[in-house]
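What follows is each chain in one-letter form.
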Amino acid sequence: ETGVTQTPRHLVMGMTNKKSLKCEQHLGHNAMYWYKQSAKKPLELMFVYSLEERVENNSVPSRFSPECPNSSHLFLHLHTLQPEDSALYLCASSHSGTGHRYEQYFGPGTRLTVT
Amino acid sequence: AQKITQTQPGMFVQEKEAVTLDCTYDTSDPSYGLFWYKQPSSGEMIFLIYQGSYDQQNATEGRYSLNFQKARKSANLVISASQLGDSAMYFCAMREGNNAGGTSYGKLTFGQGTILTVHP
């Protein structure tokens, strides 16, 4: 596989469920990102991992829990979500370190519906 | 705080014509990067073009070019010879450098997006 992959592509879950979103990048990058895209809103950055260390957490509720076991994989663990959490969740990766443009390459997203 | 503004919620263009999508930004950082992404209905964000704040020339990538006017803080995307497959949402984004533990990574701030529709 090439680029950035995300699974599942679609997910419907109840408010009491626990599920995980998976992201994998095959680009040799060492920074990974989670974004939330709600209807008619700009992309919202949720978390950033650089060299497997979480470097940014933008006031995201604790019902979202990220995990980055290595530079190629990123997870978003979900539990007791709310209907307003329904959105497209996008994963991205980029180089980190000086001298880079830092363009991010995105996966296809997971369309999450919370019922 | 940085801010990206895309004032055109929707744009229409005839196939084979050129179209300009507007983007203005606000930053006090002397070093920054500007990006354009395309998001088709499938949802994936596709990187199109990059302009660095110190770049002397306007960026070009195939049919995409960036009209970079630094003094006006604008970075408009020009798509030449529009194709039906260009119909999508287009986002302008700006990168600020961050340092955490001695490394840098690219935090992007996105605009609201412009929906482009190409008519046959």
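Structure: above.
The notes below deal with the structure included here.

The rules behind the values
- Residues numbered from 1 in each chain as written.
- Chains lettered and ligands numbered in written order.
- Predicted model: local features only at pLDDT ≥ 70, side-chain atom pairs only at ≥ 80, totals over all residues.
- Heavy atoms only, no water.
- Disulfide = S-S within 2.5 Å.
- Helix = DSSP H or I, 4+ residues; strand = E, 2+ residues; numbered from the N terminus.
- Buried < 20%, exposed > 50% of the residue type's maximum accessible area, 1.4 Å probe, protein only.
- Pairing = 2+ DSSP bridges.
- Axes fitted to C-alpha atoms, helices over the stretch in contact; angles between N-to-C directions.
- Contact = heavy atoms within 4.5 Å.
- Buried area = accessible area lost by both parts, 1.4 Å probe.
- Salt bridge = Lys/Arg side-chain N within 4 Å of Asp/Glu carboxyl O.
- Polar contact = N/O pair within 3.5 Å; in protein donor to acceptor, adjacent residues only side chain to side chain.

Another aspect to go through is the state of the cysteines. Evaluation of the coordinates by the stated rule reveals two disulfides over all chains. The disulfide bridge from cysteine 23 of chain A ends at cysteine 91 of chain A, spanning 1.9 Å between sulfur atoms. The disulfide joining cysteine 23 of chain A to cysteine 91 of chain A has a torsion of about -75° about its S-S bond and is therefore left-handed. Of this pair, cysteine 23 of chain A sits in strand β3 (residues 18–25) while cysteine 91 of chain A sits in strand β9 (residues 87–94); the two residues are 68 residues apart in sequence, bridging distant segments of the chain. A residue is classified by how much of its surface remains accessible, and cysteine 23 of chain A, at 0% relative accessible area, is buried. At a sulfur-sulfur separation of 2.0 Å, the disulfide partner of cysteine 23 of chain B is cysteine 92 of chain B. Residues cysteine 23 of chain B and cysteine 92 of chain B share a disulfide whose torsion about the S-S bond is about -65°; that sign makes it left-handed. Linking cysteine 23 of chain B in the loop between β3 (19–21) and β4 (24–26) with cysteine 92 of chain B in strand β10 (residues 88–100), this pair joins segments that are 69 residues apart in sequence. In this structure, cysteine 23 of chain B and cysteine 92 of chain B share a single accessibility class: buried. Its sulfur unpaired, cysteine 68 of chain A is 9.1 Å from the next cysteine sulfur, which belongs to cysteine 91 of chain A.

With that settled, the discussion passes to the sheet that holds strand β7 (residues 64–70) of chain A. Residues and elements named next belong to chain A. An order of β1-β3-β8-β7 is seen for the four strands of this open sheet, with the pairing classed as antiparallel. What marks the edges here is a single partner per strand, and that holds for β1 (4–7) and β7. Geometrically, the sheet is characterised by an average inter-axis angle of 15° between neighbouring strands, direction not taken into account. Here β3 runs beside strand β8 (residues 73–79); their pairing, made up of seven bridges, is antiparallel. When the sheet's bridge partners are listed, leucine 21 is paired in β8 with leucine 76.

Opposite the 29 residues of chain A that make contact, chain B presents 21 residues. Contact with chain B buries area across many residues of chain A, yet Arg101, Tyr102 and Phe106 of chain A alone supply 27% of it, more than any other trio. If you look at where chain A meets chain B, you find zero salt bridges. Where chain A meets chain B, there are two residue pairs in polar contact (both at pLDDT 80 or more).

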